[in-house]
Amino acid sequence: MAKTNNFSFCSLLPFLCFVGFLFIPAKAAVKSYQFDIQVKNVSRLCHSKPIVTVNGLFPGPTIYAREGDTLLVNVTNHAQYNMSIHWHGLKQYRNGWADGPAYITQCPIKTGSSYTYNMTITGQRGTLWWHAHIFWLRATVYGAIVILPKQGTGFPFPQPYREANLILGEWWNNDVEEVVKQGNRLGLPPNMSDAHTINGKPGPLFPCSEKHTFAVEVEQGKTYLLRIINAALNDELFFAIAGHNLTVVEVDAVYTKPFTSQAILIAPGQTTNVLVQANQVPSRYFMAARPFMDAPLSIDNKTATAILQYKGIPNSVLPVLSQLPALNDTAFALSYNGKLRSLNTAKYPAIVPLKVDRQLFYTIGLGINQCTTCLNGTQLTASLNNITFVMPQVGLLQAHYFNTKGVFSTDFPDGPPTPFNYTGAPLTANLGTKLGTRLSKIAFNSTVELVLQDTNLLTVESHPFHLHGYNFFIVGTGVGNFDPKKDRAKFNLMDPPERNTVGVPTGGWAAIRFRADNPGVWFMHCHLELHTSWGLKTAFVVENGKGSDQSVLPPPKDLPPC
Ligand code: C2O
């Protein structure tokens with residue numbers, strides 16, 4: 001799909017937009033990529049600043065592969081920041097060494113050092129993405145992963161004419177790491193972003209955007225596949241195209257039962273593939289992304305736009321405006337997520353655990369702590385089951401593999417210390433939150449049900465929870481307090497959506513199930529970077545199985561030292 005905008009990346013270097021498809025060999029193959037972490041000056045919204053990039057690109061390069069391929073990505077760090085890269089949604093069977101979260105599965109790649117992520121793509125096809133997984137550096141260090149089906153296997157939906165990636169992001173005019181430091185000094189959330197972006201570009205609703213508008217050219221009558229990724233740090237987003245319906249066919253690299261919607265909702269960490277028919281009067285149409293926020297919190301509510309441009313229509317034509325759901329449209333959000341279903345065919349079955357070996361119930365809480373070094377004397381914090389996760393100094397996976405004592409404990413509780421009315425009136429009480437690097441130990445191949453319960457500690461809010469190393473089934477969601485009897489009876493165990501990131505509804509709950517068949521240490525956290533940095537995270541230690549192919553692989557020789 002060519003991009004018509006005179007200044008778009010693809011029109012300057014069109015071969016880069018299709019190179020992956022043209023050169024993808026037929027059989028499962030080893031594909032090598034070089035990622036050079038470099039600082040580069042980039043300007044947006046009339047501000048120029050140095051940002052951390054991969055190969056000087058923003059967004060970074062797209063990784064193209066086929067199901068079954070092995071990817072070797074050599075990351076060389078030329079920047080003055082420590083770095084690690086996470087391959088969000090890749091399952092990394094027995095191979096957490098290639099997962100990437102700093103201090104969880106590896107120590108960071110230091111300035112001047114390299115590390116090769118060695119990953120084999122098994123049983124997955126669709127859209128995923130990669131991003132920096134250390135502090136807030138993912139603000140500019142991210143890109144798409146496109147996994148095509150095996151050669152000779154088509155999509156389970158009509159073959160689109162062309163396709164394009166749309167990565168939604170956030171832009172700060174100031175250095176993001178500085179913005180965060182300043183927030184920490186005050187004990188407050190860092191300043192919100194200055195713009196949202198589509199493929200790194202905010203679009204014409206922002207100043208100085210002539211060069212910073214992304215466009216895709218379409219031909220009347222043809223169908224296109226858009227691979228949409230939410231790489232924003234802190235905002236759930238609505239996305240829509242003026243005058244065009246979107247048919248959702250895949251989320252988080254799992255096929256769905258197709259359904260049509262005027263807009264989609266996508267949380268940080270999630271991906272959504274949609275089909276779009278270019279069936280309107282040839283013109284220019286806005287594609288737009290803007291947050292969804294139904295809690296009483298202030299956020300960057302600005303709209304990023306890009307352009308869907310019919311072939312032959314000049315750039316001088318004013319684009320048709322798009323209609324997005326209102327910022328706080330809870331009803332749309334709940335109904336949209338309610339429509340998601342796994343495809344669940346013989347070829348792509350939804351293998352939902354019907355029997356549960358281990359039941360977990362985690363409460364999501366925000367809070368205020370005393371802070372002697374903060375200007376206000378207090379600081380915001382977050383916890384799961386009243387535990388604020390403390391990042392270790394060495395990688396947890398190494399500590400687990402080499403049985404190093406004193407790095408973490410495996411006593412993370414299966415429920416909160418005391419039950420309370422989680423979603424009643426706002427609670428400001430200090431519930432005795434504790435600090436700790438506490439993990440939960442899970443038996444190999446056991447089936448786990450985890451209910452994530454939002455609370456009104458300080459405020460209710462929607463939290464996108466991401467589990468590394470696994471997909472899970474979202475068997476139920478609801479508003480209010482989870483009622484084990486009533487709500488479990490209503491679980492969808494037939495064709496629930498299978499994802500790696502679930503949006504826990506504001507003041508509600510989400511129940512997920514998965515089979516713990518991937519041994520290792522797997523991070524689980526809120527994908528709002530703000531909340532992760534406040535401690536809204538933990539990890540599962542999934543034990544080795546007895547079989548010869550059921551234990552964590554030995555670490556690679558070039559694993560970065562601490
Ligand atoms: Cu995309 Cu641990 O994150």
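Each chain has its residues counted from 1, following the order in which its sequence is written. Owing to the predicted nature of the model, reporting of local features is limited to residues with pLDDT of at least 70; listing and counting of side-chain atom pairs is limited to 80 or more, with chain, interface and lining totals taken over all residues. Hydrogens and water are ignored here; the side-chain numbers use all heavy atoms of the structure.

The name that an unreviewed UniProt entry assigns to the protein chain is Laccase, with the source organism given as Rosa chinensis. UniProt positions are given in the numbering used here, feature names are shortened, and annotations may be inferred rather than shown by experiment. The UniProt entry for the protein chain carries the following comment under Catalytic activity (unreviewed entry): "4 hydroquinone + O2 = 4 benzosemiquinone + 2 H2O". Recorded under Sequence similarities (unreviewed entry), the UniProt text for the protein chain is reproduced unchanged: "Belongs to the multicopper oxidase family."

S.K.: Just checking my understanding: could you explain the state of the cysteines for this structure?
M.R.: Simply put, disulfide is the name for a covalent bond between the sulfur atoms of two cysteines. Cysteine sulfur atoms are paired as a disulfide whenever they fall within 2.5 Å. Within the structure shown, the criterion is met by 3 disulfides. Residue Cys46 pairs covalently with Cys208 via a disulfide, S to S 1.9 Å. Residues Cys46 and Cys208 are joined by a disulfide whose S-S torsion is about 100°; by sign, that bridge is right-handed. With Cys46 in the loop between strand S1 (30-44) and strand S2 (47-54) and Cys208 in the loop between strand S10 (195-198) and strand S11 (215-218), the pair connects residues that are 162 residues apart, well separated along the chain. Think of it in three bands: with a 1.4 Å probe and only protein chains considered, a residue is buried below 20% of the maximum accessible area for its type, exposed above 50%, and partly exposed in between. Owing to a relative accessible area of 34%, Cys208 belongs among the partly exposed residues under this scheme. A sulfur-sulfur separation of 1.6 Å characterises the disulfide bridge that pairs Cys107 with Cys562. Pair noted here: Cys107 is in the loop between strand S5 (85-88) and strand S6 (114-120) and Cys562 is in the segment after strand S32 (537-542), with a separation of 455 residues, a long-range link. In this structure Cys107 comes out as buried when scored by relative accessible area, which is 0%. Since its relative accessible area comes to 53%, Cys562 is described here as exposed. Strands here mean DSSP runs of E at least two residues long; helices mean DSSP runs of H or I at least four residues long; both are numbered from the N terminus.

S.K.: Explain the UniProt feature "domain: Plastocyanin-like" (unreviewed entry) in the protein chain to me, please; I cannot follow it from the model alone.
M.R.: The UniProt feature table records "domain: Plastocyanin-like" (unreviewed entry) at residues 37-151, 166-312 and 412-545. The straight-line gap between the two end C-alpha atoms of residues 37-151 is 32 Å; of that span, 0% is helix and 46% is strand. Here residues 166-312 is 7% helix and 46% strand, with 22 Å between the C-alpha atoms at its ends.

S.K.: How do you make sense of the pairing of strand S19 (residues 304-310) when you look at a structure like this?
M.R.: Most of S19 sits inside the fold, with 7 of its 7 residues counted as buried. Side chains Ala304, Ala306, Leu308 and Tyr310 project from S19 onto one buried face, and the interleaved Thr305, Ile307 and Gln309 project onto a second face that is buried too. By the bridge criterion, 4 bridges tie S11 to S19 in an arrangement that is parallel. Among the inter-strand pairings, Val216 is bridged to a residue of S19, identified as Leu308. Any two strands are treated as partners once DSSP identifies two or more bridges connecting them. With 6 bridges joining them, strand S18 (residues 284-291) and S19 adopt antiparallel strand pairing. Each bridged residue has a counterpart across the sheet, and for Arg284 the counterpart in S19 is Gln309.

S.K.: When you look at unusual backbone geometry in this model, what are you seeing that I'm missing?
M.R.: Apart from glycine, the bulk of residues carry a negative phi angle, and the bulk of peptide bonds sit in the trans form. Cis geometry is found at the peptide bond from Phe58 to Pro59, where omega equals -10°. Position of Pro59 relative to the elements: it lies in the loop between S2 and strand S3 (63-66). Positive phi, normally seen in glycine, also occurs at Cys46, with a value near 70°. On the basis of relative accessibility, which here comes to 48%, the residue Cys46 falls in the partly exposed class. Located in the positive-phi region is Asn55, a residue other than glycine, with phi close to 55°. You can see Asn55 is positioned in the loop between S2 and S3. Looking at Asn55, the relative accessible area reads 30%, which means it is partly exposed.

S.K.: Looking at this model, I keep getting lost on the pairing of strand S14 (residues 246-251). Mind explaining?
M.R.: Consecutive side chains along a regular strand alternate between the two faces of the sheet. Most of S14 sits inside the fold, with 5 of its 6 residues counted as buried. Inspection of the sheet shows S14 paired to strand S15 (residues 254-261) by 5 bridges, in the antiparallel sense. Across the sheet, Val251 pairs through a bridge with Val254, a residue of S15. Relative to strand S17 (residues 271-277), S14 is paired through 4 bridges, and the arrangement is antiparallel. Bridge pairing in S17 links Val248 to Val274.

S.K.: What is the right way to look at the sheet that holds S1 in this model?
M.R.: Where strands meet in a sheet, backbone hydrogen bonds hold them as pairs that are either parallel or antiparallel. Taking strand neighbours across the sheet as the criterion, the 4 strands line up as S2-S1-S4-S6 in an open arrangement whose pairing is mixed. Strands with a single pairing partner mark the edges of an open sheet, and in this sheet they are S2 and S6. Adjacent strand axes in the sheet meet at a mean angle of 25°, parallel and antiparallel pairs treated alike. Bridging between S1 and S2 involves 8 bridges; their strand directions are antiparallel. To obtain an axis, a line is fitted to C-alpha atoms, over the contacting stretch when the element is a helix, and the angle between two such axes runs from 0 to 180 degrees between their N-to-C directions.

S.K.: Even after reading the chapter, I still don't get the nonpolar core, so can you show me in this structure?
M.R.: Looking at soluble globular proteins, one finds that nonpolar side chains tend to be buried together. Residues enter a nonpolar core if they are buried and are Ala, Val, Leu, Ile, Met, Phe, Trp, Tyr or Cys, with the set joined through side-chain atoms within 4.5 Å. Met83, Ile85, Trp87, Tyr117 and Trp130 are the most contacted members of the largest nonpolar core, which totals 44 residues. In this document the domain limits rely on a domain assignment from an automatic tool or a database. Shared between two domains, this core takes at least three residues from each, and those domains are domain 1 (27-150) and domain 3 (358-542). Counting residues in each nonpolar core, the second largest holds 43 residues, with Leu168, Ile228, Leu237 and Ala278 among its members.

S.K.: In this structure, what is going on with the sheet that holds strand S24 (residues 440-442)? I would like to understand it.
M.R.: The mixed open sheet is built from 5 strands, whose spatial order is S24-S32-S31-S26-S29. Across the chains shown, the open sheet's two edge strands, defined by having one partner strand only, are S24 and strand S29 (501-504). Ignoring which end each strand starts from, the neighbouring axes of this sheet average 20° apart. Where strand S31 (residues 520-526) lies against S32, 6 bridges are found, and the strand directions are antiparallel. Bridge assignment links Gly520 to a residue of S32, and that residue is Val542.

S.K.: Where do I start with helix H3 (residues 176-186) in this structure?
M.R.: Quick reminder: α-helices carry 3.6 residues per turn. Residues three or four places apart thus point the same way. Among the residues of H3, Val176, Glu177, Val179, Val180 and Gly183 are the ones counted as buried. Taken down its axis, H3 places every buried residue within 160° of arc, on the same side. Turning to H3, the residues buried within the fold contact S2. Here a polar contact is recorded for every N or O atom pair within 3.5 Å, except that within protein the pair must consist of a potential hydrogen donor and a potential acceptor, and residues adjacent in sequence are included only if both atoms are side-chain atoms. Looking at where H3 begins, the residue whose side-chain oxygen comes 2.9 Å from the main-chain nitrogen of Glu177 is Asp175. Our arc is simply the arc of the directions from the helix axis toward the C-beta atoms. When checking whether two residues touch, look at their non-hydrogen atoms; a contact exists if any pair is within 4.5 Å.

S.K.: So what exactly am I meant to see when it comes to the confidence of the model for the protein chain here?
M.R.: Low-confidence regions, as indicated by low pLDDT, have predicted coordinates that should not be scrutinised in detail. Confidence of the predictor at the level of single residues is captured by pLDDT, which takes values from 0 to 100. Mean pLDDT over the protein chain: 93, with 95% of residues reaching 70 or higher. Taken as a whole, residues 1-24 scores under 50 in pLDDT and shows 51 contacts with residues more than four places along the chain or in a different chain.

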